[in-house]
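A closer look at the structure
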Amino acid sequence: MDRRAPRQVTHVSVALAAIATLSLVYLLRHTSPSCFPASHPLEFTLSLAPFPRMSCDAASRRVVPPDRRLAKLRASPRWRRRTASLAASAFPPLRGLGLLAAPSRVLCLAAGAGHAVDALRAAGVRDVTGTDLVDFPPLVRRADPHQLPFSNAAFDLVFSDDPSAISGALFPSRLAAEAERAVRRGGGIALVVDREIETASVAALFKRSRVMDVKDVTLDGSQVRLLILQSNGTTSIPH
């Protein structure tokens, strides 16, 4: 028994070495030596194989220039509907209250891909900044709404067309305080809120603002409420 054990180990080792050699030969015969196909030497491509065979196959997807990606989004029906509904439902009340005009400095919170940023610029507002937890250039930059990278009173209006901006925030009171810090005295804070949520409970989060109006608006086919507040002053929050 003791004599046969070394022979069995030797046989297994030879078999594993043979399998490894065959696998290496297969990879060398079936793997491209370059990440670039011969017909298009200057283009990055991604293999459509379900599992990568080499590092080139596992590379990131082709990077689409931001301007081209934005152009594609603007051409989509959903983008056009959202932009049109913002212009028709959300912006007129803000203009009527004197909180939105062409020279206004506007901060869009929870801006997503930038629907509101694009709609505001299309409406003639020249200075619009969009922020979200994930950047989406060229319209949206990454920023934590609980700790905004802007100075006190930097904006005339803080706006969000995302109903989950407050309800889905990790610390809603902190987000509200940051919005009040970033807006100037007499400026506006306008938030879209789900109709199932009491606007009074949302307004109570804003300690240095008063409610100016609550409007029922339609955004992209959904009935929501627009809560409009006016800032009574700024508060300094340590960072």
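Residues numbered from 1 in each chain as written. Predicted model: local features only at pLDDT ≥ 70, side-chain atom pairs only at ≥ 80, totals over all residues. Heavy atoms only, no water.

Once that is clear, we can look at the overall build of the protein chain. Across its full length, the protein chain carries seven helices and seven strands. N-terminal to C-terminal, the α/β element order of the protein chain is α-α-α-β-α-β-β-β-α-α-β-α-β-β. Looking at the protein chain residue by residue over its 239 residues, the buried ones come to 35%. In the protein chain, 63% of the contacts between residues at least 6 apart in sequence involve partners at least 24 apart. A total of about 14200 Å² of accessible surface is found on the protein chain, and carbon and sulfur atoms cover 58% of it. (Helix = DSSP H or I, 4+ residues; strand = E, 2+ residues; numbered from the N terminus. Buried < 20%, exposed > 50% of the residue type's maximum accessible area, 1.4 Å probe, protein only. Contact = heavy atoms within 4.5 Å. Areas by Shrake-Rupley, 256 points an atom, 1.4 Å probe, with all protein chains shown as cover.)

Our next topic: the sheet that holds strand 3 (residues 140–142). Taken in spatial order, the seven strands of this open sheet run 3-2-1-4-5-7-6, and their pairing is mixed. Sheet topology places strand 3 and strand 6 (209–219) at the edges, where each strand pairs with a single neighbour. Geometrically, the sheet is characterised by an average inter-axis angle of 25° between neighbouring strands, direction not taken into account. Sitting on the sheet, helix 3 (residues 77–96) touches strand 4 (155–160), strand 5 (183–194), strand 6 and strand 7 (222–231), and the angle it makes with strand 6 is about 150°. The sheet contacts of helix 6 (residues 172–182) involve strand 4, strand 5, strand 6 and strand 7, and relative to strand 5 the element is tilted by about 145°. (Pairing = 2+ DSSP bridges. Axes fitted to C-alpha atoms, helices over the stretch in contact; angles between N-to-C directions.)

Glancing now at the pairing of strand 5. Two elements, strand 4 and strand 5, share five bridges in a ladder whose sense is parallel. In the strand pairing of strand 5, valine 158 is matched with isoleucine 189. For strand 5 and strand 7, the ladder comprises seven bridges, and the chain directions are antiparallel. Pairing of aspartate 194 across the sheet is with valine 224, part of strand 7.

Attention now moves to helix 4 (residues 115–122). Residues lying three or four places apart along an α-helix face the same way, a consequence of the helix completing one turn every 3.6 residues. Helix 4 sits mainly inside the fold: six of its eight residues count as buried. Among the residues of helix 4, those classed as buried are His115, Ala116, Val117, Asp118, Ala119 and Leu120. For helix 4, the elements touching its buried residues are helix 2 (66–74), helix 3, strand 1 (105–108), strand 2 (127–132) and strand 4. Glycine 124 sits one or two residues past helix 4 and shows a positive phi near 105°.

Attention now goes to the environment of glycine 124. Tracing the backbone through its elements, the reader meets glycine 124 in the loop between helix 4 and strand 2. With 20 residues separating them in the primary sequence, glycine 124 and serine 104 have C-alpha atoms 9.8 Å apart.

A complete count under the given rule lists two aromatic pairs for this structure. Taking the centre distance of 6.0 Å and the plane angle of 65° together, the rings of phenylalanine 91 and phenylalanine 159 count as edge-to-face. Of this pair, phenylalanine 91 sits in helix 3 while phenylalanine 159 sits in strand 4, and the two are 68 residues apart along the sequence. Here the aromatic rings of phenylalanine 150 and phenylalanine 155 are separated by 5.1 Å at their centres, their planes lie at 90°, and the arrangement is edge-to-face. (Phe/Tyr/Trp six-rings, centres within 6.5 Å; stacked < 30°, edge-to-face > 60°.)

What follows covers the confidence of the model for the protein chain. Chain-level statistics for the protein chain give a pLDDT mean of 84 and a share of 77% at 70 or above. Per-residue pLDDT stays below 50 along residues 31–49; that stretch engages in 18 contacts with residues further than four places along the chain or on separate chains. (pLDDT = per-residue confidence, 0-100.)

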